Amino acid sequence: MNENLDDATRPLYSLTLEDEAETKHIAERIGNVLVAGDVVCLWGDLGAGKSTFARALIQSRQKQAGQAPSPTFTLVQTYETDREDIYHYDLYRLEDENEVLELGIDEAFSEGISLIEWPDRLGSYLPWDRLDILLTHVEQGGDIRQIEIHTTHARWADKLVGLAD
């Protein structure tokens, strides 16, 4: 378990993903059940697959699959969908947790779907009700990943029932 992942979360699933296609499939399945106000936090080391997961989730919600670049330099990228907007945050370069207020994170939490890479940078702004996704490499240099899906609220278990099927 990632030491930055809050102890308040409960594990729902632990899956081995053999390749990028399986990572995208799980991201799409999760993307299909999200609604405004949902917060998805992506945990993992550099190169663990967070951006691949985020890109697939975003594209699953778009009418026409468009590009979904990682917002590494802009810190936040907003994507319009036929339902709710998706706010994709990459907080790797964030130096102070208070900077997230300048990025409109409070609006994102209430009006759209928030997808957050490097959520540990949120500090005290990390919401309690969220879905935590931890991605890790199973073997160095390979495509095999382990994904652990954790939650802080029972409603997530209902939304994600059958995810591993």
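Please refer to the structure higher up on the page.
Cut-offs and rules
- Residues numbered from 1 in each chain as written.
- Predicted model: local features only at pLDDT ≥ 70, side-chain atom pairs only at ≥ 80, totals over all residues.
- Heavy atoms only, no water.
- Helix = DSSP H or I, 4+ residues; strand = E, 2+ residues; numbered from the N terminus.
- Buried < 20%, exposed > 50% of the residue type's maximum accessible area, 1.4 Å probe, protein only.
- Contact = heavy atoms within 4.5 Å.
- Areas by Shrake-Rupley, 256 points an atom, 1.4 Å probe, with all protein chains shown as cover.
- Expected span 1.5 Å × (residues − 1).
- Polar contact = N/O pair within 3.5 Å; in protein donor to acceptor, adjacent residues only side chain to side chain.
- Core = buried A, V, L, I, M, F, W, Y, C linked by side-chain atoms within 4.5 Å.
- Phe/Tyr/Trp six-rings, centres within 6.5 Å; stacked < 30°, edge-to-face > 60°.
- Lys NZ or Arg CZ within 6 Å of the ring centre and 35° of its normal.
- Axes fitted to C-alpha atoms, helices over the stretch in contact; angles between N-to-C directions.
- Parallel < 35°, antiparallel > 145°, perpendicular 65-115°, else oblique.
- Left-handed = near helix turned anticlockwise from the far one by under 90°.
- Nonpolar A, V, L, I, M, F, W, Y, C, P; charged D, E, K, R; others polar.

Participant: Account for the overall build of the protein chain, with residues named and values stated.
Facilitator: The number of helices and strands found in the protein chain is five helices and seven strands. Taken from the N to the C terminus, the helices and strands of the protein chain come in the order β-α-β-α-β-β-α-α-β-β-β-α. Put simply, the protein chain has 165 residues, and 47% of those count as buried. Taking the contacts inside the protein chain whose residues are at least 6 apart along the sequence as the reference set, 68% of them involve residues at least 24 apart. Of the roughly 8200 Å² that the protein chain leaves accessible, carbon and sulfur atoms contribute 45%.

Participant: Can you lay out helix H1 (residues 20–31) for me, pointing to particular residues and giving the numbers?
Facilitator: Taking 1.5 Å per residue as the helical rise, H1 with its twelve residues ought to reach 16 Å, and the 16 Å between its terminal C-alpha atoms agrees with that figure. Capping of H1 at its N-terminal end is provided by Asp19; its side-chain oxygen lies 3.2 Å from the backbone amide nitrogen of Ala21.

Participant: Tell me about the side chain of His150, residues and numbers included.
Facilitator: Inspection of the secondary structure puts His150 in strand E7 (residues 145–151). Within the local environment of His150, its side chain forms a polar contact with the side chain of Glu148, the two groups lying 3.0 Å apart.

Participant: Any chance you could break down the nonpolar core for me, citing the residues and the numbers?
Facilitator: In terms of nonpolar packing, the biggest core is built from 26 residues, with Ile26, Ile30, Phe53, Ile133, Ile147 and Ile149 touching the most fellow members. Sorting the residues of this core by element identifies strand E1 (10–17), H1, strand E2 (39–43), helix H2 (50–61), strand E5 (113–117), strand E6 (131–137) and E7 as the ones contributing at least two each. At five residues, the largest contribution of residues to this core is made by H2. Residues within four places of Ile147 in sequence aside, it is in contact with Tyr13, Ser14, Leu15, Leu17, Ile26, Phe53, Ile133, Leu134 and Leu135. Core analysis: the next-biggest nonpolar cluster, separate from the first, contains 18 residues, Val39, Leu75, Ile116 and Trp118 among them.

Participant: For the environment of Glu22, give the residues involved together with the corresponding values.
Facilitator: Topologically, Glu22 is positioned in helix H1. Along the backbone, Glu22 and Phe53 are 31 residues apart, and their C-alpha atoms lie at a distance of 9.9 Å. When sequence neighbours within four positions are dropped, the list of residues in contact with Glu22 reads Thr16 and Leu17.

Participant: Outline the packing of aromatic side chains, listing residues and values.
Facilitator: The final tally for this structure, using the stated rule, is one aromatic pair. Here the aromatic rings of Tyr92 and Trp118 are separated by 4.9 Å at their centres, their planes lie at 55°, and the arrangement is tilted. A residue pair is termed long-range when its members are at least 10 positions apart, and Tyr92 in the loop between strand E4 (86–90) and helix H3 (99–102) and Trp118 in the loop between E5 and E6 qualify at 26 residues. Residue classification places Trp118 among the buried positions, given a relative accessible area of 13%. Here the basic side chain of Lys159 rests over the ring of Trp156, its NZ or CZ set 4.8 Å away from the ring centre.

Participant: Describe in detail the packing of H1 against H2, supporting the description with residues and values.
Facilitator: Packing of H1 against H2 brings their axes to within 8 Å, and their N-to-C directions diverge by 50°. With respect to each other, H1 and H2 are oriented oblique. For the element pair H1 and H2, the recorded crossing hand is right-handed. Contacts from Glu20, Thr23, Lys24, Ile26, Ala27, Glu28, Ile30 and Gly31 of H1 reach H2 at Thr52, Phe53, Ala56, Leu57, Ser60 and Arg61. Among the residues forming the contact of H1 with H2, the class breakdown is six nonpolar, four polar and four charged.

Participant: Outline H2, listing residues and values.
Facilitator: The terminal C-alpha atoms of H2, which comprises twelve residues, lie 17 Å apart, in line with the 16 Å expected from a rise of 1.5 Å per residue. Among all positions of H2, only Lys50, Thr52, Phe53, Ala54, Ala56, Leu57, Ile58 and Arg61 are buried.

Participant: A description of the environment of Gln146 should follow, citing residues and the corresponding values.
Facilitator: Within the secondary structure layout, Gln146 lies in strand E7. A relative accessible area of 19% places Gln146 in the buried class. Taking C-alpha positions, Gln146 is 8.7 Å from Glu18, a pair spaced 128 residues apart along the chain. With near-sequence residues (within four places) excluded, Gln146 lies in contact with Ser14, Leu15, Thr16, Leu134, Leu135, Thr136 and Val138. For Gln146, the side chain forms a polar contact with the side chain of Ser14, separated by 2.7 Å. In this structure the side chain of Gln146 is engaged in a polar contact, spanning 2.9 Å, whose partner is the side chain of Thr16.

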